[in-house]
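Given next are the chains, with one letter for each unit.
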Amino acid sequence: MSKALDGVKILDFTHVQSGPTCTQLLAWFGADVIKVERPGVGDITRGQLQDVKGADSLYFTMLNHNKRSITIDGRDKSGKEVLDALVKTCDVMVENFAPGALDRMGYTWERIQALNPKMILASIKGFGPGPYEDCKVYENVAQCAGGAASTTGFDDGPPLVTGAQIGDSGTGLHLALGIVAALFQRNSTGRGQKVDVAMQDGVLNLCRVKLRDQQRLAHGPLTEYPQYPDTEFGDTVPRAGNASGGGQPGWILKCKGWETDPNAYIYFIAQAPVWEAICDVIGKPEWKTDPDYAKPPARLPRLKHIWDTIEAWTMSVTKFEAMETLNKYDIPCGPILSMKEISEDQSLRATGTVVEVDHPTRGKYLSVGNPIKMSDSISEVKRSPLLGEHNAEILKDVLGFDDAKVAELLASPGLTGKR
Ligand SMILES: CC(C)(COP(=O)(O)OP(=O)(O)OC[C@H]1O[C@@H](n2cnc3c(N)ncnc32)[C@H](O)[C@@H]1OP(=O)(O)O)[C@@H](O)C(=O)NCCC(=O)NCCS
């Protein structure tokens, strides 16, 4: 079966998480992703958070499926010869080096265009042009600078970062969309272009609703926030705890077993259209007609009491029993699932969202497969490459060098890193 990006060649100069997430997605859609790594060292994540001695870490393997690896020293003459050939052959070059690093290696946008005018150069940096443009940036820096940390957590606690990698993987996703859009535009223009995504911008895009609330503040208190009606609002959006970011109030409530299980909780949304069903389920049928509870605006100043009352019911059942009852009435809710529960979930296995992959040096491990499901471009998750595993194959099959040249390059400092 064909794949959506069959025939697209990606020169993958990415490392750590943000860039590799992007190129992994493109690989799942069928692109030929050629990962360039420093000889002898490789992507730094190969050796970070290692759980199995001598084997590539899960950090690396889970971000680099379906790719091929070639080792190239981009500062060496023979390394540059191979890189130049790859730039001429590939459709897209993806990189997330620190600002200026690619230029220092000799691959300015002007030089790349001269080598291949159809090349799409896709880059992730921490910040766009401005006071921080030269900064190196990791996930949590982006979460803080993009508005996520100041709006996450509880009012009486410090700013919090979230476990979802919205700075790295979120930006990788944004970049992947930019790349496919640029590939589509190239069909009509015949030209490549630059695609830039700053991690701060990517996070802010995901925090759009908080910039919405910043502007709503000028017109009065944010009535769906837990601060209302008891606490004064300041001049900026406060942390909203577990309140839902939308027009329907929501909160995390304890379920049976919460005293010993840190994840015996459920997210409960008191959606207006199902309010009457909620009243019946929690044993408060009188709230259906009580003017203090019957309509959404009347409920807003009483939300704390409402959550306490609903929680008295959720604490009498497990989160899964609660799901079963609430779903019968179309009451929107979700169990707080632990990573252990997710890793054992059979429906996620059945859809390929959680997959078991075999690896020659580490054995079997679980990974997250492609969350984007397409009916005519099915993603198979293949193991990540060993460092330099495809050196000869890429020189021969992708770049078309003859056997003598392949042998010469394989032994050169540009590929071995040994001078
Ligand atoms: C992630 C980050 C902080 C890591 O910083 P770092 O480990 O110091 O790595 P750098 O990107 O600065 O690269 C280090 C050097 O290795 C060089 N290098 C990397 N691969 C190379 C190769 N194959 N051949 C030769 N040199 C190579 C780079 O050119 C750079 O050289 P220079 O700065 O001396 O000119 C930084 O890359 C960054 O800010 N990236 C953009 C934002 C981003 O994606 N962050 C999220 C990462 S998940």
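Below or above, wherever it landed, is the structure these notes cover. (Residues numbered from 1 in each chain as written. Predicted model: local features only at pLDDT ≥ 70, side-chain atom pairs only at ≥ 80, totals over all residues. Heavy atoms only, no water.)

### What to know about the site of the ligand
- Taken together, 24 residues sit near the ligand, with Arg 75, Ala 98, Arg 104, Lys 136 and Val 137 positioned nearest.
- Side-chain polar atom of Lys 136 to an oxygen atom of the ligand: 2.4 Å apart, as the coordinates give it.
- Contact between the ligand and Val 137: a nitrogen atom at 2.7 Å from a main-chain N or O atom of the residue.
- For the ligand, the protein covers 85% of the area, taking 930 Å² as the surface of the free molecule.
- Across the shell around the ligand, the residue classes tally to 11 nonpolar, 6 polar and 7 charged. (Near = heavy atom within 4 Å. Polar contact = N/O pair within 3.5 Å; in protein donor to acceptor, adjacent residues only side chain to side chain. Areas by Shrake-Rupley, 256 points an atom, 1.4 Å probe, with all protein chains shown as cover. Nonpolar A, V, L, I, M, F, W, Y, C, P; charged D, E, K, R; others polar.)

### Some points on the nonpolar core
- Counting residues in each nonpolar core, the largest one holds 34 residues, and the members touching the most others are Ile 278 and Leu 326.
- Sorting the residues of this core by element identifies β7 (250–254), β8 (265–269), α10 (275–281), α12 (303–314) and α13 (319–328) as the ones contributing at least two each.
- Setting aside residues no more than four positions away along its own chain, Leu 326 makes contact with Ile 266, Phe 268, Val 281, Trp 313, Ile 331 and Cys 333.
- The next biggest cluster of nonpolar side chains, apart from the first, holds 31 residues, and it includes Cys 22, Leu 25, Phe 127 and Ala 176. (Core = buried A, V, L, I, M, F, W, Y, C linked by side-chain atoms within 4.5 Å. Buried < 20%, exposed > 50% of the residue type's maximum accessible area, 1.4 Å probe, protein only. Helix = DSSP H or I, 4+ residues; strand = E, 2+ residues; numbered from the N terminus. Contact = heavy atoms within 4.5 Å.)

### With respect to a nonpolar patch on the surface
- On the surface, Leu 173, Ile 372 and Met 374 cluster together to form a nonpolar patch covering roughly 240 Å² of accessible area.
- For Ile 372, the location among the structural elements is in the loop between β11 (363–368) and α16 (391–398). (Patch = residues over 30% accessible without salt bridge, like charges linked within 9 Å, V, L, I, M, F, W, Y side chains within 5 Å. Salt bridge = Lys/Arg side-chain N within 4 Å of Asp/Glu carboxyl O.)

### A few points about the pattern of salt bridges
- If you walk through the whole model with that rule in mind, you get 27 salt bridges.
- Here Lys 319 makes a salt bridge to Glu 341, at a shortest N to O gap of 3.0 Å. Of this pair, Lys 319 sits in helix α13 while Glu 341 sits in helix α14 (residues 339–344), and the two are 22 residues apart along the sequence.
- For Lys 319, a relative accessible area of 5% gives the class buried.
- Under the relative-accessibility criterion, Glu 341 is labelled partly exposed at 25%.
- Close ionic contact of Arg 383 with Glu 389 constitutes a salt bridge, the shortest N to O distance being 2.8 Å.
- Taking the relative accessible area as the measure of exposure, Arg 383 reaches 27% and is therefore partly exposed.

### Examining the environment of Ala 218
- Here Ala 218 lies in the loop between α9 (208–216) and β7.
- Overall, Ala 218 belongs to the exposed group, its relative accessible area being 67%.
- The spatial distance from the C-alpha of Ala 218 to the C-alpha of Thr 71 is 55 Å, given a sequence separation of 147 residues.

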